[in-house]
Amino acid sequence: MDYPLISPTNGNVLREDGAHFLTDGERRWPVVDGIPFLRPDDDLRLAVVADLENGNERDALCRLLADQDRFSPTLPPERAAIERVIDKKGLNLREAMALLSYGPVGDYFAYRWCSPTFTGGLHMLERTPAHQAVVEVACGIGHFLRALEQAGREVVGVDIVYSKLWLARRILGVKGPLICGDVEAGPVIGTSRPTTVFCHDAFYFFEFKEAALTHLRQIAAGGSVAVGHVHTRTSAHEAGFALERAAYGKLTDAFVRDDADFMLGWYGKRAVVGDPASVAVGWIEGETEHRAIEWIKNNDSLRKNPLLQERKISWPSAGWRQEYEEDSQCLNGESLPELINAEWPADVLTRYQKRLLINLPGSW
Ligand SMILES: C[S@@+](CC[C@H](N)C(=O)[O-])C[C@H]1O[C@@H](n2cnc3c(N)ncnc32)[C@H](O)[C@@H]1O
């Protein structure tokens, strides 16, 4: 499916304007390494446009790879480190993120597959229409996009940070369109048929939640909108603009569930719903009956969960452990510290479901 791109500034559909540009009739938007930059940041946009107009594609790429979002806990990477990421053959995901100065965000993404909120998100997708293409907004480095593509689904990824999309393409091997844009500023893409829009572990970051939701619904064009793992003010996680649970309920007509319901759903269990102290919630506008997705078509892609080391958990950091423990409180016997000394089930797919085996990318 071909998606028209939409200018976040004047709302016009963008058209091609030479090899490296799109235009909205008033300004040029750069496309670097196949990823359109539609973030409404005029300083950065104009600098990248100037690089490209002067034939300096590498400068344009380095400039975009240095860009971060407002919540980044680290300083931008140095130019020399960025050059290594571009040039060094065989760099793995964790090395690339270290060079790009991701700091704790690098741990988050490297161990994303191990988090119960990741499988909660997979389960959430199993409660949306099976036949619709999926646009993941705030897709990070594309964990869900990769999983969906491996399950045979058509996907598009949107994120505000260019380098994350670049890693999604380069290291996670995501093939669908990737667009750098700010969903609070505009929908970024147009859709001509109902589409599932998925936004996970990101909605609390948005300052302008109603505008963001309007844009998610525009992209969905009558399809489902699934908003998952939305931190409430009860969460220890402080970044962003989390609301009280009840305030989220005012933003949607859908039933706002405890995130535990999605995390436990992965294990075929249900949560007690409506916990006012829930640390995170989620909802699906246009929810369907649960229908399992065949996430693993080839068992050879499964590897031992990197958190499991010699009958103990090797936590990537104290902060990651704290978040895992907060998220896994509801899991009732399914968390890794509870499973580590138990006998492994014989069936490979059950091991995958229990996160003893993980579908990591080859160059993890
Ligand atoms: C915690 S990560 C979650 C990534 C992915 N959804 C997942 O669950 O693995 C939050 C993501 O939201 C993105 N983000 C934050 N504000 C955004 C905005 N206004 N528009 C688009 N993406 C945004 C960040 O760059 C980051 O990749």
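As the structure is a computational prediction, the values presented were derived from the model and not from experiment.

(A) Just the overall build of the chain, in detail. Looking only at helices and strands, one finds 14 helices and 15 strands in the chain. For a compact globule of 364 residues, the expected C-alpha radius of gyration is about 21 Å, and the chain comes in at 20 Å, within 12% of that figure. By its C-alpha atoms, the chain is 60 × 45 × 35 Å across when sized along the principal axes. Within the chain, counting contacts between residues at least 6 apart in sequence, those at least 24 apart form 65% of the total. Surface exposure of the chain reaches about 15500 Å², of which carbon and sulfur atoms provide 48%. Taken together, the 40 basic and 51 acidic charged side chains of the chain have centroids lying 4 Å from each other.

(B) Spotlight on the site of the ligand. The environment of the ligand is formed by 21 residues, the closest being Arg 112, Ala 138, Asp 159, Asp 182 and His 200. Side-chain polar atom of Glu 184 to a nitrogen atom of the ligand: 3.3 Å apart, as the coordinates give it. Protein contact buries 95% of the 600 Å² of open area that the ligand shows by itself. Here the residues of the shell around the ligand sort into 10 nonpolar, 3 polar and 8 charged.

(C) Structural view of the packing of helix α2 (residues 57–65) against helix α3 (residues 79–87). The N-to-C vectors of α2 and α3 enclose an angle of 110 degrees; their axes lie 10 Å apart at closest approach. It follows from the interaxial angle that α2 and α3 lie roughly perpendicular. For the pair α2 and α3, the contacting residues are Arg 58, Asp 59, Leu 61, Cys 62 and Leu 65 in the first and Arg 79, Ile 82, Glu 83, Ile 86 and Asp 87 in the second.

(D) Structural detail: the state of the cysteines. All chains considered together, the criterion is met by 0 disulfides. For Cys 139, which is in no disulfide, the shortest distance to another cysteine sulfur is to Cys 180 and amounts to 9.6 Å. Free cysteine Cys 330: the closest other cysteine sulfur is in Cys 114, separated by 17 Å.

(E) Representation of the sheet that holds strand β7 (residues 178–180). Reading across the sheet, the 7 strands line up as β7-β6-β5-β8-β9-β11-β10 and stay open at both edges, with mixed pairing between neighbours. Each edge of the open sheet carries a strand with a single partner, namely β7 and β10 (257–258). Of the strand pairs in this sheet, strand β9 (residues 225–231) and strand β11 (residues 280–285) are connected by 5 bridges, and their pairing is antiparallel. If you follow Val 227 over to β11, its bridge partner there is Trp 283. Together, β5 (134–137), β8 (196–200), β9 and β11 form the strand contacts of helix α6 (residues 116–125), whose direction differs from that of β8 by roughly 165 degrees.

(F) Representation of the packing of aromatic side chains. Inspection of every chain in the model, using the stated rule, returns 17 aromatic pairs. Ring centres 6.0 Å apart and planes at 70 degrees place the aromatic pair Phe 71 and Phe 241 in the edge-to-face group. Taken as a pair, Phe 71 in the loop between α2 and α3 and Phe 241 in the loop between β9 and α10 (245–249) lie far apart in primary sequence, 170 residues in all. Between the aromatic rings of Tyr 248 and Trp 283, the centroid separation amounts to 6.1 Å while the plane-to-plane angle is 40 degrees, which identifies the pairing as tilted. Taken together, the positions of Tyr 248 in helix α10 and Trp 283 in strand β11 put the pair 35 residues apart, joining distant regions of the chain. Exposure class is identical for Tyr 248 and Trp 283. Each is buried. Joined through ring pairs, the aromatic side chains of Tyr 111, Trp 315, Trp 320, Tyr 324 and Trp 364 make up one cluster. Over the aromatic face of Trp 364 sits the side chain of Arg 94, whose NZ or CZ is 3.6 Å from the ring centroid.

What counts and what doesn't
- Residues numbered from 1 in each chain as written.
- Predicted model: local features only at pLDDT ≥ 70, side-chain atom pairs only at ≥ 80, totals over all residues.
- Heavy atoms only, no water.
- Helix = DSSP H or I, 4+ residues; strand = E, 2+ residues; numbered from the N terminus.
- Rg over C-alpha atoms; globule rule 2.2 N^0.38 Å.
- Contact = heavy atoms within 4.5 Å.
- Areas by Shrake-Rupley, 256 points an atom, 1.4 Å probe, with all protein chains shown as cover.
- Lys, Arg positive; Asp, Glu negative; His and termini not counted.
- Charge placed at Lys NZ, Arg CZ, Asp CG, Glu CD.
- Near = heavy atom within 4 Å.
- Polar contact = N/O pair within 3.5 Å; in protein donor to acceptor, adjacent residues only side chain to side chain.
- Nonpolar A, V, L, I, M, F, W, Y, C, P; charged D, E, K, R; others polar.
- Axes fitted to C-alpha atoms, helices over the stretch in contact; angles between N-to-C directions.
- Parallel < 35°, antiparallel > 145°, perpendicular 65-115°, else oblique.
- Disulfide = S-S within 2.5 Å.
- Pairing = 2+ DSSP bridges.
- Phe/Tyr/Trp six-rings, centres within 6.5 Å; stacked < 30°, edge-to-face > 60°.
- Buried < 20%, exposed > 50% of the residue type's maximum accessible area, 1.4 Å probe, protein only.
- Lys NZ or Arg CZ within 6 Å of the ring centre and 35° of its normal.

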